[in-house]
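So you can see what is in the structure, the chains are spelled out below.
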Amino acid sequence: MAAIFAKLFAGTCTVGFLGVSAGAIKYRREFGYMPTDLESTLHAFSTFSHDSRRDIYDVAVVGGGIVGVATAREIRAKYPNKRVILIEKEADVAQHQSGHNSGCIHAGMFYTPGSTMARLCPRGHDLIIEYCKKHKLPYEMCGKLIVGDKAADVAVVEKLYNNGVANGVKDLQVLRSQEEIQKIEPLVRGEIALWSPQTGIIDFAEVTRHMLKELSANVKMFASQFQFEAQDYIGVETAPNQQAVLIRGRESGHLGPEKTIVAKNVVTCCGLSNDVAAKHSGNVVARVGKRITQTYGFRGRYFQLIPEKRDIVKAHVYPVPDPTKGLSVGIHFTPTCDVRRGRQTIIGPGSALVFDRYGYNPYFMDLEYVMGCAFSKGGWISLWRNIGTLVETYYIDLSKSAFLRQAQRLIPSVEMKDVEESFCGVMGLGVNEDGTLNYDLSLEFACPRKTVAVEDLKTFKPIDKAVENSPLILNVRNAPSPAATSAMSIAEDIVSHASKQFSW
């Protein structure tokens, strides 16, 4: 057995698990990118797996959702001399939350005045609409009705109105009778509603793909690596105050071959896997927002109206949110302008806690993920506090009839025969130390726990020694809804904080 391990760790080994590729660390002369001392030193890496890439990047953005791609775009816009690589474990961008949502351009009335998202949502709303106009991407300002059907909903509608006004949302109007509501949506039933004409629909995945297309046009300063699941982040310490990060990874679900990428700084925008990225990033040295102890995934199941019924609503129709539950804005009706799925009117989403990190299927379970949710600091408190709601939402998620009853509160005329199955999405939401769910932006800056010193580059033996200088990694720990609407403004905040911490 000792002999086997000796071979695995030998410098001539070709096994991918601990291998380091020299292909990720050499500059490209043809791009006119002059070498630094750091790059010259990194040439000493042994080649364990065959890899033709020979680059070192100024910034690696890990995560190809809309927030990650928008962040890469913002870095390139603010720092045109920085070479950026986008790393994504799937085969394309926007494969999870960014491509599986209701497509709502939120206006900003759901968010507590003074919070980060209350500021970022209205600005993100304007930025993404401007981007769609400029590049002729599909979107529509269809408006939104938030409808209440009981006396207690009056106070909630008025609070949403006041929030929206405080956050700068334009043209909000409170409708105080069913007659006023039906002037906008004839089939909707309710006693009070908030009307937001500045709410729209969009295809966030199409926006993400277009941003990537723009970035990829400059091959000298931008690259992308798909089907690369980052496994570890290791500091490369070459001289005092001169460090970089070695990102080790491989194709998701496979044991090899290992690939490596080196960047002077790393920004992770990993959505549902943000806690995994944070775990491997090292010691937290600075934080923006509250500390996140665990990320919960919530499955959003959607149905859609059959073609003959698609035009029964023209706008978003939402129920008044229940402030005692706090898990979702409720099952609602949404017209769509999705490029790949076509024109639909979808109903949903549900909000069921998942038992697998990517829990698109309600019957799959990841024991490690479940144990992390249950026993993380604040995790069991959150589960215990919300056990009734969690059971209720899980039942609604599994039962089409229960799901439909929620929808019929808004439009009673919708019947079982009018709906058919549609897609499913999973949203990540952070849990605070006290067990409350976090609805605001949270960032962490970290230094790798392990480093590779100059004398260890040939044999690649990481040592348990944290990088002691400035942080090298920024982890986006929580970017809750409306993260897609706010992606471009979130990217502005990320780059602003990164520039200070990384001394760009």
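Quick caveat, the model's predicted, so the values are computed rather than measured. (Residues numbered from 1 in each chain as written. Predicted model: local features only at pLDDT ≥ 70, side-chain atom pairs only at ≥ 80, totals over all residues. Heavy atoms only, no water.)

Observations regarding the sheet that holds strand β4 (residues 139-140)
To keep it simple, the criterion reads: When DSSP locates at least two bridges between a pair of strands, those strands are taken to pair. Each helix corresponds to a stretch of at least 4 residues labelled H or I by DSSP, and each strand to a stretch of at least 2 residues labelled E; elements are numbered beginning at the N terminus.
Spatial ordering of the open sheet is given by β3-β8-β4, a layout of 3 strands whose pairing is antiparallel. Edge strands, defined here as strands with exactly one partner in the open sheet, are β3 (104-105) and β4. Pairing between β4 and strand β8 (residues 200-202): 2 bridges, direction antiparallel. Within the sheet, the bridge partner assigned to E140 lies in β8 and is I201.

Quick look at the pattern of salt bridges
Close approach of charged atoms lets side chains of opposite charge pair. We count it as follows: Salt-bridge detection follows one rule: a side-chain nitrogen of Lys or Arg within 4 Å of a carboxyl oxygen of Asp or Glu. Exposure categories follow from relative accessible area, calculated using a 1.4 Å probe and restricted to protein chains: below 20% of the type maximum is buried, above 50% is exposed, and the middle band is partly exposed.
Going through the model one piece at a time under the given rule, you end up with 22 salt bridges. The partner of E421 in a salt bridge is R301, with the nearest N and O atoms 2.8 Å apart. Highlighted residues: E421 in strand β19 (residues 419-432) and R301 in strand β14 (residues 292-305), separated in sequence by 120 residues. E421 sits in the partly exposed class, given a relative accessible area of 48%. Residues joined in a network through salt bridges with shared partners are R287, E444 and R477.

A look at the packing of helix α11 (residues 387-398) against helix α12 (residues 400-408)
Counted only if it meets this: To get an axis, a line is fitted to the C-alpha atoms, and for a helix only the part in contact is used. The angle between two axes follows their N-to-C directions and goes from 0 to 180 degrees. Orientation categories follow fixed angle ranges, with anything under 35 degrees roughly parallel, anything over 145 roughly antiparallel, 65 to 115 roughly perpendicular, and all other angles oblique. Any two residues whose heavy atoms approach within 4.5 Å are treated as being in contact. Nonpolar residues are Ala, Val, Leu, Ile, Met, Phe, Trp, Tyr, Cys and Pro. Charged residues are Asp, Glu, Lys and Arg, and all others, Gly as well, are polar.
One can describe the packing of α11 onto α12 by two numbers: an axis separation of 5 Å at closest approach and a directional angle of 105°. Regarding the angle of α11 to α12, the classification is roughly perpendicular. The residues of α12 that touch α11, namely those facing Y395, I396 and L398, are K400, A402, F403, R405 and Q406. Here the contact of α11 with α12 is composed, by residue class, of 5 nonpolar, 1 polar and 2 charged.

Some details on the confidence of the model for the protein chain
What counts, and what does not: pLDDT is defined as a per-residue confidence score from the predictor, taking values between 0 and 100.
Of the residues in the protein chain, 84% have a pLDDT of 70 or more, and the chain-wide mean is 85. Here residues 1-54 scores under 50 on pLDDT; set against residues more than four positions off or in separate chains, the count is 112 contacts. Scored below 50 in pLDDT, residues 454-460 shows 19 contacts in the model against residues more than four places distant or in partner chains.

Some remarks on the nonpolar core
Condition: Residues belong to one nonpolar core when they are buried, are Ala, Val, Leu, Ile, Met, Phe, Trp, Tyr or Cys, and are joined through side-chain atoms within 4.5 Å.
Membership of the largest hydrophobic core comes to 47 residues, with the highest contact counts inside it found for I66, I128, V207, L474 and I494. Looking at this core, the elements that each hand over two or more residues are β1 (56-62), α3 (66-78), β2 (84-87), α4 (116-135), α7 (204-216), β21 (442-447), β23 (473-478) and α13 (487-501). Beyond its immediate chain neighbours, meaning those up to four positions away, I66 contacts S98, I128, F204, V207, T208, M211, A484 and A487. Grouped together as the second largest cluster of nonpolar side chains are 25 residues, W195, V317, I347 and A402 included.

Brief notes about the packing of aromatic side chains
The geometry of two aromatic rings is summed up by the distance between their centres and the angle between their planes. Heads up, the rule is: By convention, a stacked pair of Phe, Tyr or Trp rings (six-membered ring in the case of Trp) has centres within 6.5 Å and planes under 30 degrees apart, an edge-to-face pair has planes over 60 apart, and any other such pair is tilted. The rule is short: NZ of Lys or CZ of Arg within 6 Å of the ring centre and within 35 degrees of the ring normal puts a charge over the ring.
Following the criterion strictly, the structure yields 9 aromatic pairs and no others. Ring centres of F445 and F502 lie 5.7 Å apart, and the angle between their planes is 75°; on these two criteria the pair is classed as edge-to-face. With F445 in strand β21 and F502 in the segment after α13, the pair connects residues that are 57 residues apart, well separated along the chain. The exposure classification of F445 matches that of F502, with both residues buried. Ring pairing ties together the aromatic residues Y79, F445, F502 and W504, which thus form one cluster. The ring centre of Y318 lies 4.2 Å from the NZ or CZ of K144, which sits over that ring. One cation-aromatic arrangement involves R341 over F423; the distance from NZ or CZ to the ring centre is 3.9 Å.

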